[in-house]
Amino acid sequence: MPKLSDRMQLIFDFLIPGEPVWDFCCDHGYMGLKAYHSGAFPEIHFVDQVPHIIARLEQTFLVKHQRSEYSQKAFFWAESGENISAPLKGTAIIAGVGAHTTLQILRGLFEREGAQASRFILVPQKDEELLERELIAWEGFQASYKCAAVTHVREGSRIRKLLIFDKIL
Ligand SMILES: C[S@@+](CC[C@H](N)C(=O)[O-])C[C@H]1O[C@@H](n2cnc3c(N)ncnc32)[C@H](O)[C@@H]1O
(Lines give C-alpha, C1' and ligand atoms only; values in the text may rest on other atoms or scores of the structure.)
Protein backbone atom coordinates (compact mmCIF):
# COMPACT_ATOMS: atom_id res chain seq x y z
CA MET A 1 0.00 0.00 0.00
CA PRO A 2 1.41 3.43 -0.89
CA LYS A 3 1.72 5.79 2.09
CA LEU A 4 -1.29 8.10 2.29
CA SER A 5 -0.79 11.82 1.70
CA ASP A 6 -1.20 14.04 4.77
CA ARG A 7 -4.69 14.99 3.56
CA MET A 8 -5.77 11.38 3.11
CA GLN A 9 -4.22 10.36 6.41
CA LEU A 10 -6.14 13.10 8.22
CA ILE A 11 -9.38 11.90 6.62
CA PHE A 12 -8.51 8.34 7.62
CA ASP A 13 -7.98 9.44 11.24
CA PHE A 14 -11.61 10.66 11.39
CA LEU A 15 -13.17 7.36 10.23
CA ILE A 16 -15.29 5.71 12.93
CA PRO A 17 -13.80 2.32 13.84
CA GLY A 18 -16.24 -0.58 13.85
CA GLU A 19 -18.57 1.08 11.32
CA PRO A 20 -18.72 0.90 7.50
CA VAL A 21 -16.79 3.35 5.33
CA TRP A 22 -18.27 4.89 2.19
CA ASP A 23 -15.68 6.56 -0.01
CA PHE A 24 -17.59 8.69 -2.52
CA CYS A 25 -15.62 9.91 -5.54
CA CYS A 26 -12.98 7.35 -4.60
CA ASP A 27 -10.98 7.46 -7.87
CA HIS A 28 -7.65 5.75 -6.99
CA GLY A 29 -9.29 4.12 -3.96
CA TYR A 30 -6.30 4.65 -1.63
CA MET A 31 -8.52 5.56 1.31
CA GLY A 32 -10.70 2.49 1.01
CA LEU A 33 -7.73 0.19 0.48
CA LYS A 34 -6.05 1.54 3.58
CA ALA A 35 -9.32 1.14 5.51
CA TYR A 36 -9.65 -2.44 4.22
CA HIS A 37 -6.15 -3.46 5.29
CA SER A 38 -6.46 -1.74 8.67
CA GLY A 39 -9.08 -4.30 9.71
CA ALA A 40 -10.88 -1.60 11.70
CA PHE A 41 -14.00 -1.39 9.51
CA PRO A 42 -16.50 -4.15 8.65
CA GLU A 43 -17.42 -2.83 5.18
CA ILE A 44 -15.66 -0.62 2.68
CA HIS A 45 -17.72 0.89 -0.14
CA PHE A 46 -15.88 2.32 -3.14
CA VAL A 47 -18.08 4.71 -5.16
CA ASP A 48 -17.16 6.50 -8.37
CA GLN A 49 -19.31 7.62 -11.27
CA VAL A 50 -16.79 6.48 -13.91
CA PRO A 51 -17.38 2.77 -14.64
CA HIS A 52 -13.83 2.02 -15.85
CA ILE A 53 -12.36 3.52 -12.66
CA ILE A 54 -14.44 1.18 -10.54
CA ALA A 55 -13.80 -1.80 -12.85
CA ARG A 56 -10.03 -1.25 -12.65
CA LEU A 57 -10.12 -0.71 -8.91
CA GLU A 58 -12.14 -3.86 -8.33
CA GLN A 59 -9.74 -5.84 -10.50
CA THR A 60 -6.72 -4.48 -8.61
CA PHE A 61 -8.46 -5.25 -5.34
CA LEU A 62 -9.18 -8.85 -6.33
CA VAL A 63 -5.65 -9.48 -7.60
CA LYS A 64 -3.55 -7.59 -5.07
CA HIS A 65 -5.52 -6.78 -1.94
CA GLN A 66 -8.31 -9.20 -1.15
CA ARG A 67 -7.46 -11.54 1.74
CA SER A 68 -9.65 -14.56 2.41
CA GLU A 69 -8.64 -14.51 6.09
CA TYR A 70 -10.12 -11.01 6.60
CA SER A 71 -13.72 -10.69 7.75
CA GLN A 72 -14.19 -7.18 6.34
CA LYS A 73 -15.92 -6.87 2.98
CA ALA A 74 -15.44 -4.54 0.00
CA PHE A 75 -18.20 -3.30 -2.31
CA PHE A 76 -17.81 -1.49 -5.63
CA TRP A 77 -20.38 1.00 -6.91
CA ALA A 78 -20.02 2.39 -10.45
CA GLU A 79 -22.63 5.07 -9.87
CA SER A 80 -22.94 8.75 -9.20
CA GLY A 81 -22.92 9.23 -5.45
CA GLU A 82 -26.26 11.01 -5.53
CA ASN A 83 -27.88 7.89 -7.02
CA ILE A 84 -26.77 5.43 -4.36
CA SER A 85 -29.87 3.93 -2.82
CA ALA A 86 -28.32 1.43 -0.39
CA PRO A 87 -28.61 2.24 3.32
CA LEU A 88 -25.71 4.49 4.20
CA LYS A 89 -24.21 3.55 7.56
CA GLY A 90 -20.96 4.57 9.20
CA THR A 91 -18.63 7.24 7.82
CA ALA A 92 -19.23 8.78 4.39
CA ILE A 93 -16.33 10.65 2.79
CA ILE A 94 -16.84 13.10 -0.05
CA ALA A 95 -13.39 14.43 -0.90
CA GLY A 96 -11.62 15.82 -3.92
CA VAL A 97 -14.62 17.29 -5.76
CA GLY A 98 -16.02 20.83 -5.70
CA ALA A 99 -18.74 22.24 -3.47
CA HIS A 100 -21.45 21.78 -6.12
CA THR A 101 -20.77 18.08 -6.56
CA THR A 102 -20.48 17.59 -2.81
CA LEU A 103 -23.90 19.22 -2.33
CA GLN A 104 -25.41 17.27 -5.22
CA ILE A 105 -24.30 13.98 -3.64
CA LEU A 106 -25.49 14.98 -0.17
CA ARG A 107 -28.88 16.11 -1.49
CA GLY A 108 -29.31 12.89 -3.46
CA LEU A 109 -28.46 10.81 -0.40
CA PHE A 110 -30.88 12.77 1.76
CA GLU A 111 -33.69 12.40 -0.77
CA ARG A 112 -33.19 8.66 -1.10
CA GLU A 113 -32.14 7.53 2.31
CA GLY A 114 -32.82 10.40 4.66
CA ALA A 115 -29.99 11.02 7.06
CA GLN A 116 -28.38 7.68 7.87
CA ALA A 117 -24.60 8.07 8.00
CA SER A 118 -23.08 8.45 11.47
CA ARG A 119 -20.54 10.91 10.09
CA PHE A 120 -19.83 12.89 6.92
CA ILE A 121 -16.26 13.94 6.15
CA LEU A 122 -16.35 16.67 3.50
CA VAL A 123 -13.12 17.86 1.90
CA PRO A 124 -14.00 20.07 -1.06
CA GLN A 125 -11.42 20.75 -3.70
CA LYS A 126 -12.77 24.27 -4.17
CA ASP A 127 -15.53 26.68 -3.04
CA GLU A 128 -15.36 25.66 0.64
CA GLU A 129 -17.16 28.85 1.69
CA LEU A 130 -20.02 28.15 -0.69
CA LEU A 131 -20.35 24.63 0.71
CA GLU A 132 -20.41 25.89 4.30
CA ARG A 133 -22.98 28.58 3.47
CA GLU A 134 -25.26 26.10 1.72
CA LEU A 135 -25.02 23.61 4.57
CA ILE A 136 -25.85 26.29 7.14
CA ALA A 137 -28.89 27.33 5.09
CA TRP A 138 -30.10 23.73 4.62
CA GLU A 139 -32.62 23.11 7.38
CA GLY A 140 -32.87 19.35 6.86
CA PHE A 141 -29.12 18.94 7.16
CA GLN A 142 -28.88 21.17 10.22
CA ALA A 143 -31.69 19.23 11.90
CA SER A 144 -29.82 15.95 11.44
CA TYR A 145 -26.11 16.80 11.67
CA LYS A 146 -23.91 18.93 13.87
CA CYS A 147 -20.44 20.14 13.00
CA ALA A 148 -18.07 18.01 15.09
CA ALA A 149 -14.77 19.43 13.83
CA VAL A 150 -13.23 21.72 11.27
CA THR A 151 -9.58 21.23 10.55
CA HIS A 152 -7.03 22.07 7.88
CA VAL A 153 -4.19 20.32 6.13
CA ARG A 154 -1.59 21.52 3.66
CA GLU A 155 -1.58 19.86 0.25
CA GLY A 156 1.14 21.26 -2.00
CA SER A 157 0.58 24.99 -2.12
CA ARG A 158 -3.06 24.72 -0.98
CA ILE A 159 -4.59 24.53 2.47
CA ARG A 160 -7.48 22.05 2.44
CA LYS A 161 -10.37 22.29 4.85
CA LEU A 162 -11.95 19.20 6.41
CA LEU A 163 -15.52 19.55 7.63
CA ILE A 164 -16.69 16.76 9.94
CA PHE A 165 -20.42 16.39 10.63
CA ASP A 166 -21.85 13.91 13.10
CA LYS A 167 -25.41 12.69 13.21
CA ILE A 168 -27.47 14.24 15.98
CA LEU A 169 -28.70 11.36 18.09
C1 LIG B 1 -10.06 14.18 -7.98
S2 LIG B 1 -10.82 12.63 -7.77
C3 LIG B 1 -10.91 12.56 -5.98
C4 LIG B 1 -10.22 11.33 -5.45
C5 LIG B 1 -10.19 11.22 -3.94
N6 LIG B 1 -11.52 11.24 -3.36
C7 LIG B 1 -9.35 12.30 -3.32
O8 LIG B 1 -9.86 13.10 -2.55
O9 LIG B 1 -8.14 12.31 -3.60
C10 LIG B 1 -12.51 12.98 -8.21
C11 LIG B 1 -13.31 11.71 -8.54
O12 LIG B 1 -14.67 12.01 -8.31
C13 LIG B 1 -15.44 11.29 -9.25
N14 LIG B 1 -16.78 11.92 -9.25
C15 LIG B 1 -17.09 13.18 -9.66
N16 LIG B 1 -18.40 13.42 -9.46
C17 LIG B 1 -18.93 12.30 -8.89
C18 LIG B 1 -20.23 11.93 -8.45
N19 LIG B 1 -21.27 12.76 -8.54
N20 LIG B 1 -20.40 10.70 -7.91
C21 LIG B 1 -19.37 9.83 -7.83
N22 LIG B 1 -18.12 10.12 -8.25
C23 LIG B 1 -17.90 11.33 -8.77
C24 LIG B 1 -14.64 11.39 -10.52
O25 LIG B 1 -14.97 10.38 -11.43
C26 LIG B 1 -13.20 11.27 -9.99
O27 LIG B 1 -12.76 9.93 -10.05
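On a predicted model such as this, the values are computed, not experimentally measured, just so you know. (Residues numbered from 1 in each chain as written. Predicted model: local features only at pLDDT ≥ 70, side-chain atom pairs only at ≥ 80, totals over all residues. Heavy atoms only, no water.)

Asks: Can you explain the packing of helix α2 (residues 30-38) against helix α3 (residues 51-65)? Please cite residues and give values.
Replies: The interhelical angle for the contact between α2 and α3, taken along N-to-C directions, is 30 degrees, at an axis separation of 12 Å. Put simply, α2 runs roughly parallel to α3. At the point where α2 passes α3, the crossing takes the right-handed sense. Every residue of α3 that contacts α2 at Leu33, Tyr36 and His37 is listed here: Leu57, Phe61 and His65. In terms of residue class, the contact of α2 with α3 is built from 4 nonpolar, 2 polar and no charged. (Axes fitted to C-alpha atoms, helices over the stretch in contact; angles between N-to-C directions. Helix = DSSP H or I, 4+ residues; strand = E, 2+ residues; numbered from the N terminus. Parallel < 35°, antiparallel > 145°, perpendicular 65-115°, else oblique. Left-handed = near helix turned anticlockwise from the far one by under 90°. Contact = heavy atoms within 4.5 Å. Nonpolar A, V, L, I, M, F, W, Y, C, P; charged D, E, K, R; others polar.)

Asks: So what's going on with the layout of surface pockets? Residues and values would help.
Replies: Considered as a void within the structure, the largest pocket measures approximately 160 Å³ in volume. Mapped by element, the contributors of at least two residues to the lining of the largest pocket are β2 (43-48) and α4 (99-113). Top element by residues in the lining of the largest pocket is α4. It accounts for 3 residues. Its residues placed into classes, the lining of the largest pocket shows 5 nonpolar, 5 polar and 3 charged. (1 Å grid on protein atoms, 1.4 Å probe; cavity = no way out; pocket = protein on both sides within 12 Å on 5 of 7 lines; lining within 4 Å. Points joined across faces, edges and corners; volume = space filled by probe spheres on them.)

Asks: Provide a residue-level description of the packing of aromatic side chains, including the pertinent values.
Replies: This model, assessed by the stated rule, comprises 15 aromatic pairs. Pairing Phe120 with Phe141 gives two aromatic rings, centres 6.4 Å apart and planes at 45 degrees, and the pair type is tilted. Of this pair, Phe120 sits in strand β5 (residues 119-123) while Phe141 sits in helix α6 (residues 139-144), and the two are 21 residues apart along the sequence. Here Phe120 falls in the buried class, since its relative accessible area comes to 1%. (Phe/Tyr/Trp six-rings, centres within 6.5 Å; stacked < 30°, edge-to-face > 60°. Buried < 20%, exposed > 50% of the residue type's maximum accessible area, 1.4 Å probe, protein only.)

Asks: Which residues make up the packing of helix α1 (residues 6-13) against α2, and what values go with them?
Replies: For any two helices packed against each other, the geometry is given by the interaxial angle and the distance between the axes. As a packed pair, α1 and α2 sit with axes 10 Å apart at the nearest point and diverge in direction by 50 degrees. By the criterion of interaxial angle, the relationship of α1 to α2 is oblique. Here the hand of the crossing between α1 and α2 comes out right-handed. Packed against α1, whose contacting residues are Met8, Gln9, Ile11 and Phe12, the element α2 presents Tyr30, Met31, Lys34, Ala35 and Ser38 at the interface. Of the residues assigned to the contact of α1 with α2, the class counts are 6 nonpolar, 2 polar and 1 charged.

Interpretation in functional terms is not warranted from these geometric data alone.
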